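Next come the chains, spelled out residue by residue.
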Amino acid sequence: KDTPVKLTAQADTAAQFVSWDGACIGTSPETTVIMDDAKACVAKFKLSPLTLKVTPAGNGTVTSTPAGLNCGTTCTASYDVGVEVTLTATATGDFVFTGWGGDCTGTDPNLQVTMDKAKSCIASFALNLFVSKTGEGSVTSQPSGINCGDTCKAAYDLNKEVTLTATPDPGYEFTKWEGDCTGTTPETKVTLDKTKTCQAVFDLYLRVEKIGNGTVTSS
């Protein structure tokens, strides 16, 4: 009777001790109980929190609900197993959000992540390249994205070099680039250090042939 008994709680791997309950109290893994009567102690354990890491690629921020991530500022936070975390990606300046990578997928800037394991997510932000045309013709890009006709806007990573190629329709000829692109050759290169707009100019051409001796001028 009145014998002191020392109890030590040892959590398994990937778990942690929380507290004692019943006849034992405290949050230290070690506790002593005096056996002046029959007693029952409860040792409470829980799974260790899991780490969620977010890396922005390009200019933008990522925040979380529940709170913990504010990236730029804080890019790693811990959450209990099973918690659903909503990540919100917000582009900065000229940038646009283009999608999630790593352990996260999708193109919605609001993404729900279930913490069933430690996860690492990449939020990608890019710059838009706009292409317009005067006259009849098409513009394509390398890397792909622009096919104008159909698609006259695409997003590319910061400082990505994009090659644009202008192809005139029958009866037209390519004459020049305008806007953020310059030159008179159908192929031009543009580096996306900011949002850029390029215009391809196509003009109708007039073909003149001569039969016999003489000259033809226009005014």
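One can find the structure itself at the top, above this paragraph.
Cut-offs and rules
Residues numbered from 1 in each chain as written. Predicted model: local features only at pLDDT ≥ 70, side-chain atom pairs only at ≥ 80, totals over all residues. Heavy atoms only, no water. Helix = DSSP H or I, 4+ residues; strand = E, 2+ residues; numbered from the N terminus. Rg over C-alpha atoms; globule rule 2.2 N^0.38 Å. Contact = heavy atoms within 4.5 Å. Lys, Arg positive; Asp, Glu negative; His and termini not counted. Charge placed at Lys NZ, Arg CZ, Asp CG, Glu CD. Pairing = 2+ DSSP bridges. Phe/Tyr/Trp six-rings, centres within 6.5 Å; stacked < 30°, edge-to-face > 60°. Buried < 20%, exposed > 50% of the residue type's maximum accessible area, 1.4 Å probe, protein only. Disulfide = S-S within 2.5 Å. Salt bridge = Lys/Arg side-chain N within 4 Å of Asp/Glu carboxyl O. Polar contact = N/O pair within 3.5 Å; in protein donor to acceptor, adjacent residues only side chain to side chain.

Peer 1: Before we move on, could you go through the overall build of the protein chain and cite the residues and values that matter?
Peer 2: Secondary structure summary: the protein chain contains zero helices and 19 strands in total. Taken over the C-alpha trace, the protein chain has a radius of gyration of 33 Å; the compact-globule value for 219 residues is 17 Å, which it surpasses by more than 25%. In terms of overall dimensions, the protein chain has a C-alpha envelope of 130 × 25 × 20 Å along the principal axes. Contacts spanning at least 24 positions in sequence make up 56% of the contacts within the protein chain whose residues lie at least 6 apart. Computed over 17 positive and 24 negative side-chain charges, the inter-centroid distance for the protein chain is 3 Å.

Peer 1: Account for the sheet that holds strand β9 (residues 84-91), with residues named and values stated.
Peer 2: One open sheet holds the four strands; their spatial order is β7-β6-β9-β11, and the pairing between them is antiparallel. At either margin of the open sheet sits one strand with a lone partner, and together these are β7 (70-71) and β11 (110-114). As paired elements, strand β6 (residues 60-65) and β9 share six bridges and run antiparallel to each other. Looking at β9, one finds that T61 is bridged to T90.

Peer 1: Break down the packing of aromatic side chains for me, with residues and values.
Peer 2: In this structure the tally under the stated criterion is six aromatic pairs. Ring geometry for F17 and F45: centres 5.7 Å apart, planes at 70°, overall edge-to-face. Here the residue F17 occupies a position in strand β2 (residues 15-22), and F45 occupies one in strand β4 (residues 41-47), the gap between them amounting to 28 residues. Looking at F45, the relative accessible area reads 39%, which means it is partly exposed. Feature note: the residues F17, W20 and F45 constitute an aromatic cluster, connected by ring pairs.

Peer 1: I'd love a proper account of the state of the cysteines, names of residues and values included.
Peer 2: Going through the model one piece at a time under the given rule, you end up with five disulfides. A sulfur-sulfur distance of 1.9 Å marks the disulfide that ties C24 to C41. With the S-S dihedral at roughly 60°, the linkage between C24 and C41 falls on the right-handed side. Here the residue C24 occupies a position in the loop between β2 and β3 (30-35), and C41 occupies one in strand β4, the gap between them amounting to 17 residues. Covalent S-S linkage joins C148 and C152, the inter-sulfur distance amounting to 1.8 Å. Across the disulfide from C148 to C152, rotation about the S-S bond amounts to roughly 70°, and the bridge is consequently right-handed. For the protein chain, the bonded cysteines pair up as 1-2, 3-4, 5-6, 7-8, 9-10 when numbered in the order they occur along the sequence.

Peer 1: Would you mind going over the pattern of salt bridges in detail, with residue names and values included?
Peer 2: The final tally for this structure, using the stated rule, is seven salt bridges. Residue K44 is joined to D21 by a salt bridge in which the shortest nitrogen-to-oxygen separation is 3.3 Å. With K44 in strand β4 and D21 in strand β2, this pair connects stretches of sequence that are 23 residues apart. Its relative accessible area of 37% is what places D21 among the partly exposed residues. Where D116 meets K119, a salt bridge forms, and the shortest distance between an N and an O atom there is 3.3 Å.

Peer 1: Describe in detail the side chain of S64, supporting the description with residues and values.
Peer 2: Within the secondary structure, S64 is located in strand β6. Relative accessible area serves as the criterion here: at 10%, S64 is assigned to the buried category. A distance of 2.9 Å separates a polar side-chain atom of S64 from the backbone oxygen of P66. In terms of polar contacts, S64 uses its side chain to reach the backbone amide nitrogen of G68, at 3.4 Å. The contact partners of S64, leaving out residues within four places of it in the chain, are L69, Y79, V85, T86 and L87.

Peer 1: I'd like to hear about unusual backbone geometry, residue by residue, with values.
Peer 2: Cis rather than trans, the peptide bond between Q142 and P143 has omega equal to 5°. Not every positive phi belongs to a glycine, and N159 is a case in point at roughly 65°.

Peer 1: Tell me about the side chain of K196, and please be specific about residues and values.
Peer 2: Turning to its location among the elements, K196 is positioned in strand β19 (residues 196-204). Look at K196 and you get buried, because its relative accessible area is 12%. In this structure K196 touches N128, L129, F130, D180, V190 and T191, once residues within four positions along its chain are discounted.

Everything listed here is a matter of coordinates, which is why it stays silent on function.
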